[in-house]
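Notes for the structure review
Chain by chain, the residues run as shown.
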There are 2 protein chains.
Amino acid sequence: MDDIDRTLVLRLQQDAGQSYAALGTAVGLSAGATHERVRKLRERGVIRRTTIDVDPAAVGSGVLAYVMVDSNAWMGESGDDFAAIPEIQEAHIIAGSASVLVKVRTASTEQLQDVLRRLYAIDGVSGTHATVVLETFFERPLPL
Amino acid sequence: MDDIDRTLVLRLQQDAGQSYAALGTAVGLSAGATHERVRKLRERGVIRRTTIDVDPAAVGSGVLAYVMVDSNAWMGESGDDFAAIPEIQEAHIIAGSASVLVKVRTASTEQLQDVLRRLYAIDGVSGTHATVVLETFFERPLPL
DNA sequence: GCAGGTTGCCGAATTTTGTTCGGTCTGAGG
DNA sequence: CCTCAGACCGAACAAAATTCGGCAACCTGC
């Protein structure tokens, strides 16, 4: 993981569709060597997958909210319960007064309410506190 | 935006590296027609870009925290101030007692503390409340 | 009902890129 | 000094992206 690898990761974050030739030029390597570098980055798990960035509003998920989930039991094994709710985009165990923090995207506030209902149905969940996002300043890739 | 488009977006989220031929087979179209569909999805902004998913821990961002930022002024024009802190991955204006919610990734809790210091330096920021993530259950693409 | 225009698709031609491979260079370890 | 492993280059080869002519379905306004 040297500077070249970091540059490659950075450039691929910005545009994963560019050619290995262009990528190689940017770091001073041939297309073949660049290909090999990227292959190893995948192999090592630094690059998990190549994907696309989708406009949430364009696919019917215009409402974004973060929900603090309170519980009266150990939630460490409940990952699958949260994963079963498709509107949940992220779920984390957190330190602090709440137990779990989830990121939810829905088409409407009515659907958000329905997600809250389904959260309550999970074993151990004793309460929720939803924070609705009014405007997103930005969402961007990791720093390097 | 019909079912075919939705399937294309879904499949590309899972693997943006597959060929148009494979993609076309999955939806019952030729490679050429598939290419044209995807081109239009980009043109319309449904697909914003193609990127890679990077393991945060592998690039020195093993600590994840969400920070509620309190303010005593209108923060609607302060997006650039937050964007100037590279460790901030997301920043949103929120409804509720706090004004802004930011997602922060750092290499250590010391660096997290330094980010909090820089947050306080932003005009109008009157307080912060950081929530450290202990374990991430999952982070996944948008529901289709 | 139909002429003209539009859209979406196919399939093949063409160009560009991905992928593989032999050979060279360099640095580490013995 | 010798040998091995790793990284790179450049060229050859395979595969994919991209373009394009032609066809059919579908509007739309006469």
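For the structure, check the block above.
Residues numbered from 1 in each chain as written. Chains lettered and ligands numbered in written order. Predicted model: local features only at pLDDT ≥ 70, side-chain atom pairs only at ≥ 80, totals over all residues. Heavy atoms only, no water.

A few words now on the overall build of chain A. Counting its secondary structure elements, chain A contains five helices and five strands. Secondary structure elements of chain A occur, N-terminal to C-terminal, as α-α-α-β-β-α-β-β-α-β. Rg of the C-alpha trace for chain A: 20 Å, well past the compact-globule value of 15 Å for 144 residues, more than 25% over. In terms of its C-alpha atoms, chain A occupies a principal-axis envelope of roughly 55 × 35 × 25 Å. Restricting to contacts in chain A with at least 6 residues of sequence separation, those with at least 24 account for 63%. In the structure as shown, chain A presents an accessible area of about 6800 Å², 49% of it carried by carbon and sulfur atoms. Each charge sign in chain A was given a centre, from 14 positive and 19 negative side chains, and these centres are 9 Å apart. (Helix = DSSP H or I, 4+ residues; strand = E, 2+ residues; numbered from the N terminus. Rg over C-alpha atoms; globule rule 2.2 N^0.38 Å. Contact = heavy atoms within 4.5 Å. Areas by Shrake-Rupley, 256 points an atom, 1.4 Å probe, with all protein chains shown as cover. Lys, Arg positive; Asp, Glu negative; His and termini not counted. Charge placed at Lys NZ, Arg CZ, Asp CG, Glu CD.)

Quick look at the protein's contact with DNA strand D now. Neighbouring DNA strand D are the residues G28, L29, S30, A33, R37 and K40 of chain A together with Q18, S19, Y20 and H35 of chain B. Counting only the atoms of DNA strand D that lie within 4 Å of the protein, the sugar and phosphate share comes to 95%. In this structure, a phosphate oxygen belonging to DNA strand D sits 2.6 Å away from a main-chain N or O atom of S30 of chain A. For DNA strand D, a phosphate oxygen lies 2.8 Å from a polar atom in the side chain of K40 of chain A. Among the elements that make up the surface near DNA strand D, the one with the highest residue count is helix 3 (residues 31-43) of chain A (three residues). (Near = heavy atom within 4 Å. Polar contact = N/O pair within 3.5 Å; in protein donor to acceptor, adjacent residues only side chain to side chain.)

To continue, consider the interface of chain B and chain A. Between chain B and chain A, the residue contacts involve 60 residues of the former and 60 residues of the latter. At the boundary of chain B with chain A, total buried surface from both sides reaches about 5700 Å², with 60% on carbon and sulfur atoms. Connecting chain B to chain A are six salt bridges. Between K103 of chain A and E90 of chain B there is a salt bridge; the shortest N-O distance is 2.9 Å. Counting across the interface, chain B meets chain A through 41 residue pairs in polar contact (both at pLDDT 80 or more). Mapped onto the side of chain B that touches chain A, the elements with two or more residues apiece are helix 1 (3-14), strand 1 (47-54), strand 2 (63-71), helix 4 (79-83), strand 3 (88-94), strand 4 (100-106) and strand 5 (125-139) of chain B. (Buried area = accessible area lost by both parts, 1.4 Å probe. Salt bridge = Lys/Arg side-chain N within 4 Å of Asp/Glu carboxyl O.)

Time to look at the layout of surface pockets. Within this model, the largest pocket holds a volume of roughly 1100 Å³. Around the largest pocket sit 44 residues that line it, and D53, Q89, K103 and E139 of chain A together with E90 of chain B are the ones nearest its centre. Residues that form the lining of the largest pocket fall into these classes: 16 nonpolar, 10 polar and 18 charged. (1 Å grid on protein atoms, 1.4 Å probe; cavity = no way out; pocket = protein on both sides within 12 Å on 5 of 7 lines; lining within 4 Å. Points joined across faces, edges and corners; volume = space filled by probe spheres on them. Nonpolar A, V, L, I, M, F, W, Y, C, P; charged D, E, K, R; others polar.)

What follows is about the relation of the copies chain B and chain A. For the pair chain B and chain A, the superposition axis carries a translation of 0.0 Å, the fit reaches an RMSD of 0.1 Å, and the rotation angle comes to 180°. Such a turn and shift between the copies fits a two-fold axis. Within chain B, T51 of chain B has its C-alpha nearest the rotation axis, a separation of 2.7 Å. (Least-squares fit on C-alpha atoms with pLDDT ≥ 70 in both.)

Successive side chains on a regular strand alternate, one facing one side of the sheet and the next facing the other. One ladder, built from seven bridges, connects strand 2 (residues 63-71) of chain A with strand 5 (residues 125-139) of chain A; its direction is antiparallel. Within strand 5 of chain A, the position partnered with D70 of chain A by the bridge is G127 of chain A. Note: strand 5 of chain A against strand 3 of chain B, five bridges, orientation antiparallel. When the sheet's bridge partners are listed, T136 of chain A is paired in strand 3 of chain B with H92 of chain B. (Pairing = 2+ DSSP bridges.)

In terms of nonpolar packing, the biggest core is built from 21 residues, with F82, I88, V102 and L119 of chain A touching the most fellow members. Setting aside chain neighbours within four positions, we find F82 of chain A in contact with V69, I88, A91, V100, V102, L119 and I122 of chain A together with F137, F138 and R140 of chain B. A65, I93, L112 and V115 of chain B belong to the second largest nonpolar core, which has 20 residues in total. (Core = buried A, V, L, I, M, F, W, Y, C linked by side-chain atoms within 4.5 Å. Buried < 20%, exposed > 50% of the residue type's maximum accessible area, 1.4 Å probe, protein only.)

With that out of the way, let us pick up the sheet that holds strand 3 (residues 88-94) of chain A. Read around the closed barrel, the eight strands follow the order 2(A)-4(A)-3(A)-5(B)-2(B)-4(B)-3(B)-5(A); overall the barrel is antiparallel. Averaged over neighbouring strand pairs, the angle between their axes works out to 35° when direction is ignored. Two strands pair when backbone bridges link them, and strand 3 of chain B and strand 4 of chain B are joined in this way by five bridges, in the antiparallel orientation. Of the residues in strand 4 of chain B, the one forming a bridge with E90 of chain B is K103 of chain B. Along the sheet, helix 5 (residues 109-120) of chain A makes contact with strand 2, strand 3, strand 4 (100-106) and strand 5 of chain A, crossing strand 5 of chain A at roughly 145°. Seen against the sheet, helix 5 (residues 109-120) of chain B touches strand 2, strand 3, strand 4 and strand 5 of chain B and runs at an angle of roughly 145° to strand 5 of chain B. (Axes fitted to C-alpha atoms, helices over the stretch in contact; angles between N-to-C directions.)

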